[in-house]
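Notes for the structure review
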Amino acid sequence: MPDMSASVSLAVTHLVPLAKEVDENKVTPGVLGFIVFAAMALAVWALMKSMSKHMGKVDFKESTDPAAEAGSRTAAAAQAEPRQG
C-alpha cells in the first residue's frame, strides 16, 4: 500500500482554511440531516397508513355464540362447586 501521508497532509492543508470560515457557534444538520428526516417522516406516514388500513379490517363486535356461552357457564359452575373427595 503506498504511503499517502503527503496527499493527506495536502488535503488537510486545503481544508483548514474552509474550517476557519465556519462559525463555531452555529451548527446545522445540512442536506444529509434533511434527507434522513424526510425519509423517516415518509416511513412513519406509510406505517400509519398501513396500520389504519389493517385496523379497519378488525371486527371489534363479539359474536353471540350460544355454544360458547353454554360452555362458559358450565366451566364457571364447575369452578364454583367445591370438590368432594
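Cut-off values and rules
Residues numbered from 1 in each chain as written. Predicted model: local features only at pLDDT ≥ 70, side-chain atom pairs only at ≥ 80, totals over all residues. Heavy atoms only, no water. Helix = DSSP H or I, 4+ residues; strand = E, 2+ residues; numbered from the N terminus. Buried < 20%, exposed > 50% of the residue type's maximum accessible area, 1.4 Å probe, protein only. Areas by Shrake-Rupley, 256 points an atom, 1.4 Å probe, with all protein chains shown as cover. Patch = residues over 30% accessible without salt bridge, like charges linked within 9 Å, V, L, I, M, F, W, Y side chains within 5 Å. Salt bridge = Lys/Arg side-chain N within 4 Å of Asp/Glu carboxyl O. pLDDT = per-residue confidence, 0-100. Expected span 1.5 Å × (residues − 1).

1. Remarks on the overall build of the protein
In terms of helices and strands, the protein carries 3 helices and 0 strands. Each of the 85 residues in the protein was classed as buried or not, and the buried ones make up 0%. Counting every atom, the protein has about 8,500 Å² of accessible surface; 66% of that belongs to carbon and sulfur.

2. Regarding a nonpolar patch on the surface
Together, Val 44, Met 48, Met 51, Met 55, Val 58 and Phe 60 make up an exposed nonpolar region whose accessible area comes to about 640 Å². With a relative accessible area of 48%, Met 51 lands in the partly exposed category.

3. Considering the confidence of the model for the protein
In low-pLDDT regions, the fine details of the predicted coordinates are not to be read closely. Across the protein, pLDDT averages 76, with 51% of residues at or above 70. Taking the mean pLDDT of every element in the protein, the minimum, 62, falls on helix α3 (residues 66-80) and the maximum, 95, on helix α2 (residues 30-57).

4. As for α2
Relative to the 40 Å expected for 28 residues at 1.5 Å per residue, α2 spans 42 Å between its end C-alpha atoms, a close match to the ideal helical length. Little of α2 sits out of view: just 0 of its 28 residues are buried.

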